[in-house]
Amino acid sequence: MSSTESPTAAPAANVLPRVAPVRVEEGEGLRSVRLPGITLTVRSRPPRTEGLPPALYVHGLGGSSQNWSALMVRLDHLVDGEAVDLPGFGDSPPPDDGDYSVTGHARAVIRHLDAAGRGPVHLFGNSLGGAVATRVAAVRPDLVRTLTLVSPALPEIRVQRGAVPTALLALPGIASLYTRYTSQWTAEQRVRGVTALCYGDPGRVTPEGFQNAVEEMERRLRLPYFWDAMARSARGIVNAYTLGGQHNLWRQAERVLAPTLLVYGGRDQLVAFRMARRAARAFRDSRLLTLPEAGHVAMMEYPDLVATAFHELLADSGELPRGEGDPDGAGMRERDGVRDEDESGRTGAGS
C-alpha cells in the first residue's frame, strides 16, 4: 500500500474553495510559507523576550497547529515557538505530489526549517507528529536541540483497540465508505467522538473549547481533500510500522542524539501506555513523564505538567535560558500523576 500515489480527490491548491478562517488565539499569528512542492501554514507566538531559542511543534493525524496553543502560551518565556500545519491539515493545502507518508511529512518539516534558517530547534511532536519528529531528529540531528514526544506513533505489535479504525482508514476505499456511513453525523457528534477517543477525561473540555472545536470541524468538513489527507496519512503510518532496516522508526529512535522528553498517558486509547518503557530505552538520552489520568493529547489536557517537564528537560540538558526558574509557578505537583490543575480544556485533537 503506497502512500505516495497522486491524490484522486484533492483539487489543485489554487482552485480550492473558500472556507472560514482558522481560529487564532490572542497573541498568535498565522502566515503562509511557500516551499518547493508544498505550502505550509505556520502558527507563531512571539517570545516574551528577544533572543530565545526557536521551537517547532508538529501535530498528529487529523489535528492541526491549534493543538499546541495551550502549551505554546506556557512556554513563550522559554522558546520562540512556531507550530506547523502539515500538508493537507489545518490551513495547509495538500502537497503537490500527494505524498502523505511519514517521510513525506518529515521532508516538509525539514524543508521549512532549512528555508527559515531556524535550526536547531526544540522539536515537539504528538502521535503522527511524534513519528515525524523522530525521523527528523534521526536524519537531521543538526536541526534538533531537544526532542519532546507526546504519545508518539511508534510501531506496536499489538495496537490499541481505539487505533483499529485508523488502521482500517488506511485501506483503499474505506474512507469513501466511512464518509457515506457518517454523512448524517453533525460536527458536534464528530467532536464528541474525537474528544472521547483522545482525552483521558472529556469533562476537562470547557463549553467554549468544545464550541470552538465544533466550528473547526465544520470548517474542515468543507475542505474537499479532508478525507483524502486523513486516509493517505493513516496509510503512511501503517506503512511506517512495517518498514525494516535503517528506516524502521525504532531503529531511528536509537539514532537520535538530542535530549528527549517522552510523555505518555495512562488512559491513551491510541498509543499503548505499555510502550512508554520501551521508548525510554530506545532513545539514548531520554526522560519519561507518565500521566495516569491523561489520554492521547497530554499537551492539551495537562499543559502545565508538560510545560514543567519541558522546563526540567532544558535544565537537565543545559539549554535553560539564563535567569529562568519554574515556568509561571506551574510546577508539577506529582511527577507521575495530576493534581490541582486549572486547565483551558481545549479540544479538536488529532490522533
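In this text, all values refer to a predicted model and were calculated from it rather than measured experimentally.

Colleague: Mind laying out the overall build of the protein, listing which residues take part and the relevant values?
Modeller: A tally of regular secondary structure across the protein gives 12 helices and eight strands. Scored against the burial criterion, the 351 residues of the protein give a buried share of 57%. Within the protein, residue pairs in contact and separated by at least 24 positions form 78% of the contacts whose partners lie at least 6 positions apart. Counting only carbon and sulfur atoms, one obtains 49% of the accessible surface of the protein, whose full area is about 14400 Å².

Colleague: Before we move on, can you summarise the pattern of salt bridges with the specific residues and values?
Modeller: With the rule as written, the count across this model stands at 21 salt bridges. A salt bridge links glutamate 28 to arginine 43, with the shortest nitrogen-to-oxygen separation between them at 2.7 Å. On the criterion of sequence distance, the pair formed by glutamate 28 in the segment before strand 1 (29–35) and arginine 43 in strand 2 (residues 38–45) is long-range, its members being 15 residues apart. Given a relative accessible area of 1%, arginine 43 falls into the buried group.

Colleague: Account for the packing of helix 6 (residues 187–198) against helix 7 (residues 207–221), naming residues and giving values.
Modeller: Their axes nearest at 9 Å, the elements helix 6 and helix 7 cross at an angle of 115°. By the angle class used here, helix 6 and helix 7 are roughly perpendicular. In the crossing of helix 6 with helix 7, the sense of the turn from one axis to the other is right-handed. Taking contact as the criterion, the partners of Ala187, Glu188, Arg190, Val191, Arg192 and Val194 in helix 6 are, on helix 7, Phe210, Ala213, Val214, Met217, Glu218 and Leu221. Considered class by class, the residues forming the contact of helix 6 with helix 7 number eight nonpolar, no polar and four charged.

Colleague: Outline the sheet that holds strand 5 (residues 121–126), supporting the account with residue identities and numerical values.
Modeller: In spatial order, the strands read 1-2-4-3-5-6-7-8; together these eight strands make up an open sheet with mixed pairing. Two strands bound the open sheet, and with one partner strand each, they are strand 1 and strand 8 (286–291). Between one strand and the next, the sheet's axes are offset by a mean angle of 20°, whatever the strand orientation. When strand 7 (residues 260–265) meets strand 8, the two strands line up parallel, connected through six bridges. The residue bridging glycine 265 from the neighbouring strand is leucine 291, located in strand 8. Of the strands in this sheet, strand 7 and strand 8 are in contact with helix 10 (residues 275–282), which crosses strand 7 at around 175°.

Colleague: Describe the environment of glycine 90, listing the residues and the values that go with them.
Modeller: With respect to the helices, strands and loops of the structure, glycine 90 is situated in the loop between strand 4 (80–85) and helix 2 (102–116). Along the backbone, glycine 90 and phenylalanine 226 are 136 residues apart, and their C-alpha atoms lie at a distance of 9.5 Å. When sequence neighbours within four positions are dropped, the list of residues in contact with glycine 90 reads Gly63, Ser64, Asp85, Arg219 and Leu223.

Colleague: How would you explain helix 12 (residues 303–317) if you had to name every residue and give the values?
Modeller: In this model helix 12 runs 21 Å from its N-terminal to its C-terminal C-alpha over 15 residues, within 8% of the 21 Å that 1.5 Å per residue would give. Along helix 12, the positions that sit buried rather than exposed are Pro303, Asp304, Leu305, Val306, Ala307, Thr308, Ala309, Phe310, His311, Leu313 and Leu314. In this fold, the buried residues of helix 12 make contact with helix 1 (69–74), strand 5, strand 6 (144–150), strand 7, strand 8 and helix 11 (298–301). Phi turns positive one or two residues past the end of helix 12, at glycine 318, with a value near 75°.

Colleague: Can you break down the pairing of strand 1 residue by residue, with the values?
Modeller: Looking at chain direction, strand 1 and strand 2 are connected through seven bridges and run antiparallel. When the bridges of strand 2 are listed, serine 32 appears paired with threonine 41. Following strand 1, the chain reverses through two residues before pairing antiparallel with strand 2; glycine 37 in that reversal takes a positive phi of roughly 85°.

Colleague: Describe in detail the pairing of strand 2, supporting the description with residues and values.
Modeller: Where burial is concerned, most of strand 2 is hidden: six out of the eight residues are buried. In this structure, strand 2 lies alongside strand 4, joined through five bridges in antiparallel fashion. What sits directly across from valine 42, in strand 4, is valine 84.

Colleague: Break down empty space enclosed by the protein for me, citing the residues and quoting the values.
Modeller: In the structure shown here, the tally under the stated rule is one cavity of 30 Å³ or more. Reported here for the largest cavity is a volume of approximately 40 Å³. Considering the residues around the largest cavity, the lining is formed by Gly62, Gly63, Gly88, Phe89, Gly90, Arg220, Leu223 and Phe226. When the residues that make up the lining of the largest cavity are grouped by side-chain class, the tally is three nonpolar, four polar and one charged.

Colleague: Help me get a handle on the nonpolar core, residues and values and all.
Modeller: Counting residues in hydrophobic clusters, the biggest one holds 56 residues, and the most contacted among them are Leu123 and Leu147. With seven residues, helix 3 (residues 128–139) is the single largest residue contributor to this core. In terms of nonpolar packing, the next biggest core, distinct from the first, is built from 38 residues, Met72, Ala213, Tyr302 and Phe310 among them.

Colleague: A description of the packing of aromatic side chains should follow, citing residues and the corresponding values.
Modeller: Each pair of aromatic rings is reported with the distance of its centres and the angle of its planes. Evaluated as defined, the whole model comprises five aromatic pairs. Between phenylalanine 124 and phenylalanine 310, the aromatic rings sit 4.9 Å apart at their centres with planes inclined by 50°, giving tilted as the arrangement. Placement of the pair is phenylalanine 124 in strand 5 and phenylalanine 310 in helix 12, with a sequence separation of 186 residues. The exposure class assigned to phenylalanine 124 is buried, which follows from its relative accessible area of 0%. The rings of Tyr57, Trp68, Phe124 and Phe310 are connected pair by pair, giving a single aromatic cluster. Seen from the ring of tryptophan 250, arginine 278 lies directly overhead, with NZ or CZ sitting 4.2 Å from the centre.

About the thresholds
- Residues numbered from 1 in each chain as written.
- Predicted model: local features only at pLDDT ≥ 70, side-chain atom pairs only at ≥ 80, totals over all residues.
- Heavy atoms only, no water.
- Helix = DSSP H or I, 4+ residues; strand = E, 2+ residues; numbered from the N terminus.
- Buried < 20%, exposed > 50% of the residue type's maximum accessible area, 1.4 Å probe, protein only.
- Contact = heavy atoms within 4.5 Å.
- Areas by Shrake-Rupley, 256 points an atom, 1.4 Å probe, with all protein chains shown as cover.
- Salt bridge = Lys/Arg side-chain N within 4 Å of Asp/Glu carboxyl O.
- Axes fitted to C-alpha atoms, helices over the stretch in contact; angles between N-to-C directions.
- Parallel < 35°, antiparallel > 145°, perpendicular 65-115°, else oblique.
- Left-handed = near helix turned anticlockwise from the far one by under 90°.
- Nonpolar A, V, L, I, M, F, W, Y, C, P; charged D, E, K, R; others polar.
- Pairing = 2+ DSSP bridges.
- Expected span 1.5 Å × (residues − 1).
- 1 Å grid on protein atoms, 1.4 Å probe; cavity = no way out; pocket = protein on both sides within 12 Å on 5 of 7 lines; lining within 4 Å.
- Points joined across faces, edges and corners; volume = space filled by probe spheres on them.
- Core = buried A, V, L, I, M, F, W, Y, C linked by side-chain atoms within 4.5 Å.
- Phe/Tyr/Trp six-rings, centres within 6.5 Å; stacked < 30°, edge-to-face > 60°.
- Lys NZ or Arg CZ within 6 Å of the ring centre and 35° of its normal.

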